[in-house]
Amino acid sequence: MSFTLPELTYSYDALAPYMSRETLEFHHDKHHLAYVNNGNNLLKGTEWEGKSLEDIVKGSYGKNAGLFNNAGQHYNHLHFWKWLKPNGGGAIPGNLEKAIVDGLGSVDKAKEEFIQAGVTQFGSGWAWLAVKDGKVIVAKTPNGESPLVHDATPILGVDVWEHSYYIDYRNRRPDYLKAFVDNLVNWEYVAELYEAAVK
């Protein structure tokens, strides 16, 4: 299965002022496209050619760093664009909210831990809400890793590579993370992934 760059389901201006047109143009059209192109080149002739993206990510982890980095980032970004929506944030669907409270104590505590995971991820990487053993957890990973390679299912991720926020926030990563949680998260998509993870 070759990788392809998805179309965004919203305009490049739709997430402003929390994420600018310029950030989306660089992040989606250049950075994500590079992961797609590099991933396709590195996939050729490997044992994972023709496999699903999840199988490629899990299979190449610890075995083929170049392929893993690009496939992992492609997987992460395919979801990242769907985790964003204009006028995001707001109310969390009932089942998901209950699961967050069960796993992490309260919605506020979950948001705080998620933001803290992003703030404290040294260098490039991601912060996550994931489902592990039926419970919602907070996690952070370096570079292109995700909970997928740590026996968990990602349901929300935020990119803390500098290309995700530097144009809009410069070095103010905590401000970017707060804006993401308060104004950009598509909780309906998170809920969809949660339901699929606990089936």
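Rules and cut-offs
Residues numbered from 1 in each chain as written. Predicted model: local features only at pLDDT ≥ 70, side-chain atom pairs only at ≥ 80, totals over all residues. Heavy atoms only, no water. Helix = DSSP H or I, 4+ residues; strand = E, 2+ residues; numbered from the N terminus. Expected span 1.5 Å × (residues − 1). Buried < 20%, exposed > 50% of the residue type's maximum accessible area, 1.4 Å probe, protein only. Arc of directions from axis to C-beta. Contact = heavy atoms within 4.5 Å. UniProt positions renumbered as here; feature names shortened; annotations may be inferred. Phe/Tyr/Trp six-rings, centres within 6.5 Å; stacked < 30°, edge-to-face > 60°.

Draft legend 1. Seen up close, helix α5 (residues 107–120). For α5, which comprises 14 residues, the first-to-last C-alpha distance of 20 Å matches the rise-based estimate of 20 Å (1.5 Å per residue) to within 8%. Taken together, the buried positions of α5 are Val107, Ala110, Phe114, Ile115, Ala117 and Gly118. Angular distribution of buried residues about the axis of α5 spans 155°; they occupy a single face of the element. Opposite its buried face, α5 presents the exposed residues Asp108 and Glu112, each directed more than 90 degrees away. Against the buried residues of α5 lie α4 (94–104), β1 (125–132), β2 (135–142), β3 (153–159) and α7 (173–184).

Draft legend 2. Just the UniProt feature "domain: Manganese/iron superoxide dismutase N-terminal" (unreviewed entry) in the protein, in detail. As recorded in UniProt, the sites labelled "domain: Manganese/iron superoxide dismutase N-terminal" (unreviewed entry) are residues 2–84. Between the end C-alpha atoms of residues 2–84 there is a gap of 24 Å, over a span that is 60% helix and 0% strand.

Draft legend 3. Molecular detail of the UniProt feature "domain: Manganese/iron superoxide dismutase C-terminal" (unreviewed entry) in the protein. The UniProt entry lists residues 94–192 under the feature "domain: Manganese/iron superoxide dismutase C-terminal" (unreviewed entry), expressed in the numbering used here. Secondary structure content for residues 94–192 is 47% helix and 23% strand, and the end C-alpha separation is 12 Å.

Draft legend 4. Representation of the packing of aromatic side chains within the structure. Counted under the stated rule, the structure contains 11 aromatic pairs. Seen in terms of ring centroids, tryptophan 83 and tyrosine 189 are 6.5 Å apart; in terms of plane orientation they differ by 55°. Their pairing is tilted. Of this pair, tryptophan 83 sits in helix α3 (residues 65–83) while tyrosine 189 sits in helix α8 (residues 187–198), placing them 106 residues apart in sequence. A relative accessible area of 1% means that tryptophan 83 is categorised as buried. Here the aromatic rings of tyrosine 165 and tyrosine 176 are separated by 5.1 Å at their centres, their planes lie at 25°, and the arrangement is stacked. Of this pair, tyrosine 165 sits in the loop between β3 and α6 (166–169) while tyrosine 176 sits in helix α7, and the two are 11 residues apart along the sequence. The exposure classification of tyrosine 165 matches that of tyrosine 176, with both residues buried. Grouped by ring-pair contacts, the aromatic residues Phe80, Trp81, Trp83, Phe114, Trp126, Trp128, Phe180 and Tyr189 constitute a single cluster.

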